[in-house]
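# A closer look at the structure
Letter by letter, the chains look like this.
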Amino acid sequence: MTAASPTHTAPARLTRLAWASVGIAALVLGLKWAAYLLTGSLALYSDALESIINVAAAAAALIALGVAARPADENHPFGHTKAEYFSAVAEGVLIVLAALTILWEAAPQLTQPAPVDLPPLGLVLSVAASVLNGAWASRLMAAGRQHRSPALLADGKHLLSDVVSSVGVLAGVGLARLTGWHVLDPLLACLVALNILWSGWHLMRDSVGGLMDAGADPQTQTRIRELLSQNGQGALEAHDLLTRTAGRLTFIEFHLVVPGEMTVAEAHTICDRLERVLEAEVEGARVTIHVEPQDQAKHRGVLVL
């Protein structure tokens, strides 16, 4: 039997965060682009180019959250929560494209580097953009973990990698200006591109895992087994436990063995109790239980005698 649960909708807070991400990404882009125009630095150009991806990624996350919030329907009986994974995969692809563009621009200047100007205003704008990005990345990752939102978590991780790149760029551009080693500017742009590629790869890998119906993490699976054992009074055992995650939802399926003489009503009472406990303890739980008579016991899995 399947637990009856209210239609899941994305919290309004996540939507507000997604809208704020679009605005902040646009502001950071403006600051970084102004810093590039003031300095002419290729490394700062690469930093600004990545911010264009940030704007696109924030917009994609906003759209994905809207789709994921739609209730289950005839064509999507398990809901639309996987839409967030598509957003994260798309962000990874955009990141890779940005990195390749940076490498295309930077490679020729490794042999013919140009002098770098570093006016104070350009430096201040770039630092301000990095501070803003860092603070917002922390906020997004915290909200993404709390609400199990792949879209916001991916956006936050991307911004954090952007901050790391920006810090390296600022340090390198300053060093190039002080030492006269102008080749440091395109060299740092290449390093930024490689860091972006690494970030994009991780985003796509994690998101594809969600699209492929990856199981719940080991800690969650252990907790599920504990809950079954502690709250399965009246049943004999639970076996063939299966889990899969889809955004904020965790689908839980298992077989519950009961005494052969137990009535349907009594078995239903046990199932209702287990469903309530699992939904209370496992965020976004959707529970399906297959009840079996005693002669179907496998004597493995979770014993609930």
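Refer to the preceding data block for the structure.
What comes next concerns the included structure. For clarity, every value in this text was computed on a predicted model and none was experimentally measured.

### Regarding the overall build of the protein
A count of helical and extended segments in the protein gives 8 helices and 4 strands. Listing each helix as α and each strand as β along the protein from the N terminus yields α-α-α-α-α-α-α-β-β-α-β-β. Relative to the compact-globule value of 19 Å for 305 residues, the protein shows a C-alpha radius of gyration of 25 Å, a clear excess of over 25%. Taking the principal axes of its C-alpha atoms as reference, the protein extends roughly 85 × 35 × 30 Å. Within the span of the protein, comprising 305 residues, buried residues form 46% of the whole. At a minimum sequence separation of 6, the contacts of the protein that also span at least 24 residues come to 78%. On the protein, roughly 14400 Å² of surface is accessible, and the fraction owed to carbon and sulfur atoms is 65%.

### Digging into the pattern of salt bridges
Oppositely charged side chains may form a pair once their charged atoms are brought near each other. According to the stated counting rule, one finds 2 salt bridges in the structure shown. A salt bridge links Glu226 to Arg223; the nearest nitrogen and oxygen atoms lie 3.3 Å apart. Linking Glu226 with Arg223, this pair stays in helix α7 (residues 218-231), spanning 3 residues, or about one helical turn. Of the charged contacts in the structure, one is a salt bridge between Arg223 and Glu281, with a shortest N-O distance of 3.4 Å. Separated by 58 residues along the polypeptide, Arg223 in helix α7 and Glu281 in helix α8 (residues 264-281) bring together distant segments of the chain. Connected via shared salt-bridge partners are Arg223, Glu226 and Glu281.

### As for the packing of helix α1 (residues 12-39) against helix α4 (residues 120-147)
Axis angle and axis distance: for two packed helices, these are the angle between their axes and the distance between the axes, and together they describe the pair. Close contact between α1 and α4 brings their axes to 9 Å; oriented N to C, the two are set at 160 degrees. What the angle tells us is that α1 and α4 run roughly antiparallel. Handedness of the crossing formed by α1 with α4: left-handed. Each residue belonging to the contact of α1 with α4 can be placed in one class, and the counts come to 18 nonpolar, 7 polar and 3 charged.

### Some points on the packing of aromatic side chains
Taken as a whole and assessed by the stated rule, the structure comprises 1 aromatic pair. Here Arg244 stacks its cationic end above the ring of Phe251, 4.1 Å away from the centre of that ring.

### Considerations on α4
Here α4 spans 41 Å end to end across 28 residues, near enough to the 40 Å set by a 1.5 Å rise per residue. One or two residues past the end of α4 sits Arg148, with phi positive at roughly 55 degrees.

### Section: the pairing of strand β1 (residues 237-246)
Of all the 10 residues making up β1, 8 are buried; the element is thus mostly covered by neighbouring parts of the structure. Bridge count for β1 against strand β2 (residues 249-257) is 8 bridges, and the pairing is antiparallel. Considered in β2, the bridge of Leu242 is made with Glu253. Here β1 folds back onto β2 in antiparallel fashion, the turn holding 2 residues, of which Gly247 has a positive phi close to 65 degrees.

### Topic: the pairing of β2
Among the 9 residues of β2, 7 are classified as buried, and the element is accordingly described as predominantly covered. Summarising the sheet, β2 and strand β3 (residues 285-292) pair through 8 bridges and their orientation is parallel. Bridge pairing in β3 places His255 opposite His290. Running through α8, the crossover from β2 to the neighbouring parallel element β3 is right-handed.

### Description of the environment of Ile270
With respect to the element layout, Ile270 can be found in helix α8. Note on Ile270: relative accessible area 4%, which makes it buried. When the C-alpha atoms of Ile270 and Gly234 are compared, they prove to be 7.1 Å apart, with 36 residues separating the residues in sequence. Beyond its immediate chain neighbours, meaning those up to four positions away, Ile270 contacts Gln233, Gly234, Ala235, Leu256 and Met262.

About the criteria used
- Residues numbered from 1 in each chain as written.
- Predicted model: local features only at pLDDT ≥ 70, side-chain atom pairs only at ≥ 80, totals over all residues.
- Heavy atoms only, no water.
- Helix = DSSP H or I, 4+ residues; strand = E, 2+ residues; numbered from the N terminus.
- Rg over C-alpha atoms; globule rule 2.2 N^0.38 Å.
- Buried < 20%, exposed > 50% of the residue type's maximum accessible area, 1.4 Å probe, protein only.
- Contact = heavy atoms within 4.5 Å.
- Areas by Shrake-Rupley, 256 points an atom, 1.4 Å probe, with all protein chains shown as cover.
- Salt bridge = Lys/Arg side-chain N within 4 Å of Asp/Glu carboxyl O.
- Axes fitted to C-alpha atoms, helices over the stretch in contact; angles between N-to-C directions.
- Parallel < 35°, antiparallel > 145°, perpendicular 65-115°, else oblique.
- Left-handed = near helix turned anticlockwise from the far one by under 90°.
- Nonpolar A, V, L, I, M, F, W, Y, C, P; charged D, E, K, R; others polar.
- Phe/Tyr/Trp six-rings, centres within 6.5 Å; stacked < 30°, edge-to-face > 60°.
- Lys NZ or Arg CZ within 6 Å of the ring centre and 35° of its normal.
- Expected span 1.5 Å × (residues − 1).
- Pairing = 2+ DSSP bridges.
- Right-handed = clockwise from strand over helix to strand, strands pointing away.

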